[in-house]
Amino acid sequence: MNKKLRKTIIAGNWKMNMLASDLKAFKDELIPLIPNHKDWCEAVICTPSVLIPPALKAFNETGVGVGAQNMSQHKSGAYTGEISVDQLADIGAEYVIIGHSERREYYGETDISVNEKLLTALDSPVIPIVCVGETLYQRETGVTFELVALQVKIALDGVSEEKLRKVVIAYEPVWAIGTGKTATPEDAEEVCCAIRDVLAGLYSREAADAVSILYGGSMNDKNAVDLLAQPDIDGGLIGGASLKPESFAVIINAAR
Ligand code: PEP
């Protein structure tokens, strides 16, 4: 399938950074650098949840969407401190990151909770970006493909082919996140292509070909062009470089 038929997504993950007072300056610098970006990609910034309303206000009519970095697996109820996907939809979040490796590592998220969150997200208008990826130890022991296939299969347990159309997958090798070490375009492509084959095995080739698969892990203004040129890489999930309007703009333009 021609990758141009899939949605290209450049998603920033601001993690626990930025304040409401930073938004205007960020927007004022970014927007003039990405004219007509809607012609070739969806640009979205996943902010801390408290920043979603002011970010939506700041990016109003700029074509840049706003998403969240996490959600509860529960629809509603007695879960103090949690935020439901319906609440995210209610305030206007378009995307939600699920199962980021930092959530898996520091907050005990598992493949099972990722699956629960995904099933809940798919009952809402919010588009889930499901993160998978191996640690350095797993890569060095040669289990990357099995491990990533397992993560994808468990995440998608109970997801129908129709609902799969709404799922975005981000391949994020854990050893590349925030480390400055990027997977080579060939290594990233190899795993993204393998993920697509897993999807084809679970569903159909046609369904697999329609899913946007992003790469994440130290993507920046220097390496984005080569990564985004790969046939099975449909965009990026970008941490550090999304905090700098200039670098984020270069990445958005590299997706052209
Ligand atoms: C991320 O947080 O998903 C990420 C890829 O971070 P970085 O770009 O900083 O490696």
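So, a few notes on the structure that sits alongside this text.

Attention shifts here to the site of the ligand. Near the ligand, the surroundings consist of 14 residues, among which Lys15, Glu172, Gly178, Ser218 and Gly239 are the closest. The contact in question runs from an oxygen atom of the ligand to an N or O atom on the side chain of His100, over 2.9 Å. Contact with the protein chains hides 96% of the accessible area of the ligand, taken as 290 Å² for the molecule alone.

For helix H9 (residues 185-202), spanning 18 residues, the distance from its first C-alpha to its last is 26 Å, which sits close to the expected 26 Å at 1.5 Å a residue. Along H9, the residues that are buried comprise Pro185, Ala188, Glu189, Val191, Cys192, Ile195, Arg196, Val198, Leu199 and Ala200.

Turning to the sheet that holds strand S4 (residues 95-98), a few remarks are in order. The sheet built from eight strands closes into a barrel, its strands ordered S1-S2-S3-S4-S5-S6-S7-S8 with parallel pairing. In this sheet, neighbouring strand axes are inclined to one another by 25° on average, regardless of whether the strands run parallel or antiparallel. Looking at chain direction, strand S1 (residues 9-13) and strand S8 (residues 235-238) are connected through four bridges and run parallel. Among the inter-strand pairings, Ala11 is bridged to a residue of S8, identified as Leu237. Those strands touched by helix H7 (residues 144-155) are strand S5 (127-132) and strand S6 (168-171), and its axis lies near 150° from that of S5.

Attention now goes to the pairing of S4. Residues of S4 alternate between two faces, with Tyr95 and Ile97 on one and Val96 and Ile98 on the opposite face, all of them buried. Inspection of the sheet shows strand S3 (residues 64-68) paired to S4 by two bridges, in the parallel sense. Bridge pairing in S4 places Ala68 opposite Val96. Read as a crossover between parallel neighbours, the route from S3 over helix H3 (residues 85-91) to S4 is right-handed. Alignment of S4 against S5, held across four bridges, turns out to be parallel.

Each value, and the rule that gives it
- Residues numbered from 1 in each chain as written.
- Predicted model: local features only at pLDDT ≥ 70, side-chain atom pairs only at ≥ 80, totals over all residues.
- Heavy atoms only, no water.
- Near = heavy atom within 4 Å.
- Polar contact = N/O pair within 3.5 Å; in protein donor to acceptor, adjacent residues only side chain to side chain.
- Areas by Shrake-Rupley, 256 points an atom, 1.4 Å probe, with all protein chains shown as cover.
- Helix = DSSP H or I, 4+ residues; strand = E, 2+ residues; numbered from the N terminus.
- Expected span 1.5 Å × (residues − 1).
- Buried < 20%, exposed > 50% of the residue type's maximum accessible area, 1.4 Å probe, protein only.
- Pairing = 2+ DSSP bridges.
- Axes fitted to C-alpha atoms, helices over the stretch in contact; angles between N-to-C directions.
- Contact = heavy atoms within 4.5 Å.
- Right-handed = clockwise from strand over helix to strand, strands pointing away.

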